[in-house]
Number of protein chains: 2
Amino acid sequence: MQSYRFENVYIKSVSAVAGPKEKDGPCGNLFDKTYTSLYAEKKTLEEGEKTMQEDAINIALIKAGLDIKGPELLISADLNNQLACSSKVASSYISSFLGIYSACASSAEGVILASLLLERSNIKNALISSTSSFGTAERQFRYPLEYGIPKKQTTTLTVTGSGSMVLGKKTTDLKITEATLGKVFDPGWKDVNDMGGAMSFAAYKTLKSHFENLGTKPSDYDLIITGDLSIIGSNILLDLFKEEGIEIKNHNDAGKIIYQREKQKAFCGGSGIACLPLVAYTKIYEKLKKKEYRKVLLAATGALFDPVYVQQKQSIPAICHCYTIERG
Amino acid sequence: MQSYRFENVYIKSVSAVAGPKEKDGPCGNLFDKTYTSLYAEKKTLEEGEKTMQEDAINIALIKAGLDIKGPELLISADLNNQLACSSKVASSYISSFLGIYSACASSAEGVILASLLLERSNIKNALISSTSSFGTAERQFRYPLEYGIPKKQTTTLTVTGSGSMVLGKKTTDLKITEATLGKVFDPGWKDVNDMGGAMSFAAYKTLKSHFENLGTKPSDYDLIITGDLSIIGSNILLDLFKEEGIEIKNHNDAGKIIYQREKQKAFCGGSGIACLPLVAYTKIYEKLKKKEYRKVLLAATGALFDPVYVQQKQSIPAICHCYTIERG
């Protein structure tokens, strides 16, 4: 796996907008904007998701002091087939556009690509947008929302919302300093109702490569946050490290943080492309800003499954990309 | 739109494998491997597509003299929801993996990203894989194959096959020298049976930006090949340039080349992510190798549509990315 160090990639701004269930969760008071329904006052769930992505992009651009027409480069991902939401939204901006997909690992794929391109090219600013919606994702991957199928206890819920990060070359107090681009693993997992399990091995392998390639160790980070392994996947990840004699005490998972699980009936936690950004760009960003954290490692994990393959009894490949945010 | 020049990005190898209809077309005798059916002797269309992608990747790796376990970086795209084919295939390699999606413009997005990353990082080799299948794509985007709906004359047929390109930093006789990352345009096109029309405006804008940003003109290239605007889209593209007083005489389109249209009942031509690579990595590559061409501009165009959005009467956004292959 390829690891990188960056010298001059700074965070200009972040934004996070979220749906009603996320608003009622522990990050609720930190979002830039929230919506009272998945529709965001539009006619369709797709229109609602588009509105959230546009809002998050525009808020991040305004915070960064950039032209609302867009930065030089826009990198987006969502869970809709053919990146339908991101492609549609991108047409509103003048930016060169990179559509990417590694399921819920997409937010990190975007940050790493933007960082590499900022260092290599003459662009000044890049925006990474990560979006998911319970309404569109559940219908697409599982069942219509109205279909009251009982859920397994291992189930995670797709997070509704959108997060954006603007990266640039001009000094700010937070920067992207390290990254590892993961590889795809297919350990034969077949249970689409337990995505955390499917992704835990990829998270373990990418984090292990990250430490080895860059000569760091888990305790070098104030926090190692995965997103989104949820409860079961997180436990498997920690066990895999334990088997090698490495005890990771500074780990948490965005899927465990985004909801008050018992009270909000969130089963094993949150999932979806927006899950990690919504936690990272609110609670964690605040702690970095307030100097409670100096260096955080964010490992985004993705279950690369497609309903047709699942019907064909195929196993679920998974990937994890990671990067650090550090005080400058 | 962002344009780039590259100094040290060389083509180590290309490969192209194709289905039966493509075998019977004008590039038929130049493919590295062909299959007698869309299933490639597997049980499902998806398995067939996977086999083709794996074959194309392995052939390109062998030609490049690389380890069959994979290069440092693998960038793939296909038309299946959630890049299902590419994700599954990627699990066989040790490479860091970037999943990308800009529909049929993905081949160029991959080449441009690989070129940028090769120049920026310490990786030595990157492989870009572009795959599509008539069997999986028609069923996913339109109707089951068995459903005999009459087709409009503007229809294009999804190409079955897979093309790979291995890029490296070591000198060879062909290199990637220029590129432009396009933006998404949404001119309000709604006819999913005429994708060429939808994409022609994006092709025009990207090519225009490419010439302006890099100070080149159409006649600097031995060939400007789009893929895949087909007949109608190609004519619109040429007309858009004509309106500005620019007559482009050296244009062709991969969708027009891949089939003997009349004889093979291919309507307006070919489409799909593999269409441009299958023409470029056979006929055009040969002419570059034989010094009949010195510099070719490849503009890959993508219609970023999703069946759900189409049912909701949404218009179809489109994008075009372009790059050049030049003799060193």
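Calculation criteria
- Here the residue numbering is sequential within each chain, running from 1 through the sequence in written order.
- Each chain gets a letter, beginning with A, and each ligand a number, beginning with 1, in the order they are written.
- Since the coordinates come from a predicted model, pLDDT governs what is reported: local features require at least 70, and pairs of side-chain atoms require 80 or more to be given and counted, while whole-chain, interface and lining totals use all residues.
- Only hydrogens and water are set aside when side-chain values are computed; all heavy atoms of the structure are taken into account.
- What makes a nonpolar core is a set of buried Ala, Val, Leu, Ile, Met, Phe, Trp, Tyr and Cys residues whose side-chain atoms join them at distances within 4.5 Å.
- Exposure is judged per residue with a 1.4 Å probe applied to protein chains only, and the accessible area is read against the type maximum: over 50% gives exposed, under 20% gives buried, and values in between give partly exposed.
- Salt bridge criterion: a side-chain nitrogen from Lys or Arg within 4 Å of a carboxyl oxygen from Asp or Glu.
- Counting from the N terminus, the helices are DSSP H or I runs at least four residues long and the strands are E runs at least two residues long.
- In this analysis an axis means a line fitted to C-alpha atoms, helices contributing only their contacting stretch, and an angle means the value between N-to-C directions, from 0 to 180 degrees.
- Working definition: roughly parallel below 35 degrees, roughly antiparallel above 145 degrees, roughly perpendicular at 65 to 115 degrees, and oblique for all remaining angles.
- Whether two residues are in contact is decided by their heavy atoms, any of which lying within 4.5 Å being enough.
- When residues are sorted by character, Ala, Val, Leu, Ile, Met, Phe, Trp, Tyr, Cys and Pro go into the nonpolar class, Asp, Glu, Lys and Arg into the charged class, and all the rest, Gly among them, into the polar class.
- Each of two parts loses accessible area, computed with a 1.4 Å probe, when they are put together; buried area is these two losses added.
- A 3.5 Å cut-off defines polar contacts: any pair of N or O atoms within that distance qualifies, except that in protein one atom must be a possible hydrogen donor and the other a possible acceptor, and neighbouring residues in sequence count only when both atoms are side-chain atoms.
- Boundaries of every domain are those given by an automatic assignment or by a domain database.
- The superposition of copies rests on a least-squares fit of C-alpha positions from residues with pLDDT of 70 or more in both.
- By convention a crossover is right-handed if, when the strands point away from the viewer, the path from the first strand over the helix to the second runs clockwise.
- Patch building starts from residues that exceed 30% relative accessible area and form no salt bridge, then joins like charges within 9 Å and nonpolar side chains (Val, Leu, Ile, Met, Phe, Trp, Tyr) within 5 Å.
- To be clear on the numbers: accessible area is Shrake-Rupley with a 1.4 Å probe, and residue cover counts the displayed protein chains and nothing else.
- What makes a crossing left-handed is the near helix being turned counterclockwise from the far one by less than a right angle; a clockwise turn instead makes it right-handed.
- Between the first and last residue of a helix there are one fewer steps than residues, each counted as 1.5 Å, and that sum is the expected span.
- This arc is built from the directions going out from the helix axis to the C-beta atoms.
- A pair of sulfur atoms, both from cysteines and within 2.5 Å, is called a disulfide here.
- Two rings belonging to Phe, Tyr or Trp (six-membered ring only in the last case) form a pair when the distance between their centres is within 6.5 Å. Interplanar angles under 30 degrees mark stacking, angles over 60 mark edge-to-face geometry, and anything in between is tilted.
- By the criterion adopted, a ring carries a charge over it if an Arg CZ or a Lys NZ lies within 6 Å of its centre and within 35 degrees of its normal.

Novice: Which residues make up the nonpolar core, and what values go with them?
Specialist: The tendency in soluble globular proteins is for nonpolar side chains to be buried as a group. With 214 residues, the main nonpolar core has Tyr323 of chain A together with Met165 and Tyr323 of chain B as its most contacted residues. Tyr35, Ala40, Met52 and Ala56 of chain B belong to the second largest nonpolar core, which has six residues in total.

Novice: Quick one: what's the story with the pattern of salt bridges, residue by residue and with numbers?
Specialist: Taken as a whole, this structure holds 34 salt bridges over all chains when the rule is applied. A salt bridge links aspartate 220 of chain A to lysine 217 of chain A, with the shortest nitrogen-to-oxygen separation between them at 3.1 Å. Arginine 294 of chain B is paired through a salt bridge with glutamate 326 of chain B; the nearest N and O atoms lie 3.1 Å apart. Pair noted here: arginine 294 of chain B is in the loop between helix H9 (275-289) and strand S13 (295-303) and glutamate 326 of chain B is in strand S14 (residues 318-327), with a separation of 32 residues, a long-range link. Note on arginine 294 of chain B: relative accessible area 44%, which makes it partly exposed.

Novice: Break down the packing of helix H2 (residues 45-63) of chain B against helix H5 (residues 134-141) of chain B for me, with residues and values.
Specialist: All names here are of chain B. Viewed as axis vectors pointing N to C, H2 and H5 meet at an angle of 130°, and their least axial separation amounts to 8 Å. What the angle tells us is that H2 and H5 run oblique. Every residue of H5 that contacts H2 at Leu45, Glu46 and Glu49 is listed here: Gly135, Thr136 and Arg139. Classifying every residue of the contact of H2 with H5 by side-chain character gives one nonpolar, two polar and three charged.

Novice: Any chance you could break down the interface of chain B and chain A for me, citing the residues and the numbers?
Specialist: Facing 60 residues of chain B, the contacting portion of chain A comprises 60 residues. Across the chain B to chain A interface the summed buried area is about 4800 Å²; carbon plus sulfur atoms make up 54%. Our count for the chain B to chain A interface comes out at four salt bridges. When the shortest N-O distance is used, the salt bridge between glutamate 119 of chain A and arginine 120 of chain B registers 2.6 Å. Joining chain B to chain A, the criterion identifies 24 residue pairs in polar contact (both at pLDDT 80 or more). Mapped onto the side of chain B that touches chain A, the elements with two or more residues apiece are strand S1 (2-5), H2, helix H3 (84-90), strand S5 (96-99), helix H4 (106-120), H5, helix H10 (307-311) and S14 of chain B. In terms of residue count, the dominant contributor to the side of chain B that touches chain A is H4 of chain B (six residues). Taken together, the residues of the side of chain B that touches chain A break down into 30 nonpolar, 17 polar and 13 charged.

Novice: So what's going on with unusual backbone geometry? Residues and values would help.
Specialist: A negative phi angle is the norm for most residues apart from glycine, just as the trans form is the norm for most peptide bonds. Residue and element names in this part refer to chain A. With an omega of 15°, the peptide bond running from glycine 227 to aspartate 228 counts as cis. Its place among the elements puts aspartate 228 in the loop between strand S10 (223-227) and helix H7 (230-242). Positive phi, normally seen in glycine, also occurs at lysine 265, with a value near 50°. When you line up the elements, lysine 265 lands in the loop between helix H8 (254-257) and strand S12 (270-271).

Novice: I'd like a rundown of the domain arrangement of chain A, residues and numbers included.
Specialist: Residue and element names in this part refer to chain A. Structurally, chain A comprises domain 1 (2-168) and domain 2 (174-327). Each of domain 1 and domain 2 has a C-alpha centre, and these two points are 17 Å apart. With 60 residues of domain 1 in contact, the opposing surface of domain 2 contributes 58 residues. In total, domain 1 and domain 2 occlude about 5000 Å² of area from one another, counting both sides; carbon and sulfur atoms represent 65% of this.

Novice: Before we move on, could you go through the relation of the copies chain B and chain A and cite the residues and values that matter?
Specialist: What relates the pair of chain copies is a rotation about an axis plus a shift along that axis. Note on the identical chains: chain B maps onto chain A by a rotation of 180° and an axial translation of 0.0 Å, with an RMSD of 0.0 Å. The two molecules are tied by a two-fold rotation axis, judged by turn and shift. Ranked by how close their C-alpha atoms come to the rotation axis, the residues of chain B are headed by isoleucine 100 of chain B, at 2.1 Å. Looking at chain B, 100% of its interface residues are interface residues in chain A too, so the copies touch through the same face.

Novice: An account of the pairing of strand S5 (residues 96-99) of chain A is requested, with residue identities and associated values reported.
Specialist: The alternating pattern of S5 of chain A places Ser96 and Leu98 of chain A on one face and Phe97 and Gly99 of chain A on the opposite face, and all of these are buried. Remark: the strand S4 (residues 73-77) of chain A/helix H3 (residues 84-90) of chain A/S5 of chain A crossover connection has right-handed handedness.

Novice: Pulling in residues and values, what's your account of a nonpolar patch on the surface?
Specialist: All names here are of chain B. On the surface, a cluster of nonpolar side chains totalling about 290 Å² of accessible area is made up of Tyr143, Tyr147 and Ile149. Relative to the helices and strands, tyrosine 143 resides in the loop between H5 and strand S7 (157-158). Under the relative-accessibility criterion, tyrosine 143 is labelled partly exposed at 39%.

Novice: Tell me about the packing of helix H6 (residues 195-214) of chain B against helix H7 (residues 230-242) of chain B, and please be specific about residues and values.
Specialist: Residue and element names in this part refer to chain B. Viewed as axis vectors pointing N to C, H6 and H7 meet at an angle of 40°, and their least axial separation amounts to 8 Å. Comparing their axes, H7 and H6 come out oblique. The chirality of how H6 crosses H7 is right-handed. Taken together, the residues of H7 that come into contact with H6 (itself represented by Gly196, Gly197, Ser200, Phe201, Ala203, Tyr204, Leu207, Lys208 and Phe211) are Ser230, Gly233, Ile236, Leu237, Leu240 and Phe241. Here the residues of the contact of H6 with H7 sort into nine nonpolar, five polar and one charged.

Novice: Summarise H7 of chain A; cite the residues concerned and give the values.
Specialist: Residue and element names in this part refer to chain A. In this model H7 runs 18 Å from its N-terminal to its C-terminal C-alpha over 13 residues, within 8% of the 18 Å that 1.5 Å per residue would give. Residues of H7 that are buried include every one of Ser230, Gly233, Ser234, Leu237, Leu240 and Phe241, and no others. Across the axial projection of H7, the buried residues extend over an arc of 125°, all falling on one side. Where H7 is buried, its residues contact helix H6 (195-214), S10, strand S11 (251-253) and H8.

Novice: Tell me about the environment of glycine 197 of chain B, and please be specific about residues and values.
Specialist: Residues and elements named next belong to chain B. Position of glycine 197 among the secondary structure elements: in helix H6. On the accessibility criterion, glycine 197 (4% relative accessible area) is buried. Separated by 11 residues in the primary sequence, glycine 197 and aspartate 186 place their C-alpha atoms 12 Å from one another.

Novice: How would you explain the state of the cysteines if you had to name every residue and give the values?
Specialist: Residue and element names in this part refer to chain B. A complete count under the given rule lists zero disulfides over all chains for this structure. Unpaired in this structure, cysteine 320 has its nearest cysteine sulfur neighbour in cysteine 322, at a distance of 5.9 Å. The class for cysteine 320 is buried, based on a relative accessible area of 0%.

Novice: Explain the packing of aromatic side chains to me, and be specific about the residues and the numbers.
Specialist: Counted according to the given criterion, the structure contains 16 aromatic pairs over all chains. Plain terms: the ring middles of tyrosine 4 of chain B and phenylalanine 6 of chain B are 6.3 Å apart, the flat faces sit at 20° to each other, and that makes the pair stacked. With respect to class, tyrosine 4 of chain B is no different from phenylalanine 6 of chain B; both count as buried. Judged by centre distance (5.1 Å) and plane angle (75°), the rings of tyrosine 204 of chain B and phenylalanine 241 of chain B are edge-to-face. Pair noted here: tyrosine 204 of chain B is in helix H6 and phenylalanine 241 of chain B is in helix H7, with a separation of 37 residues, a long-range link. Of the residues examined, tyrosine 204 of chain B reaches a relative accessible area of 9% and is grouped as buried. Since its relative accessible area comes to 1%, phenylalanine 241 of chain B is described here as buried. An aromatic cluster of at least three residues, connected via ring pairs, comprises Phe185, Phe201, Tyr204, Phe211, Tyr221 and Phe241 of chain A. Over the aromatic face of tyrosine 259 of chain A sits the side chain of lysine 21 of chain A, whose NZ or CZ is 5.9 Å from the ring centroid.

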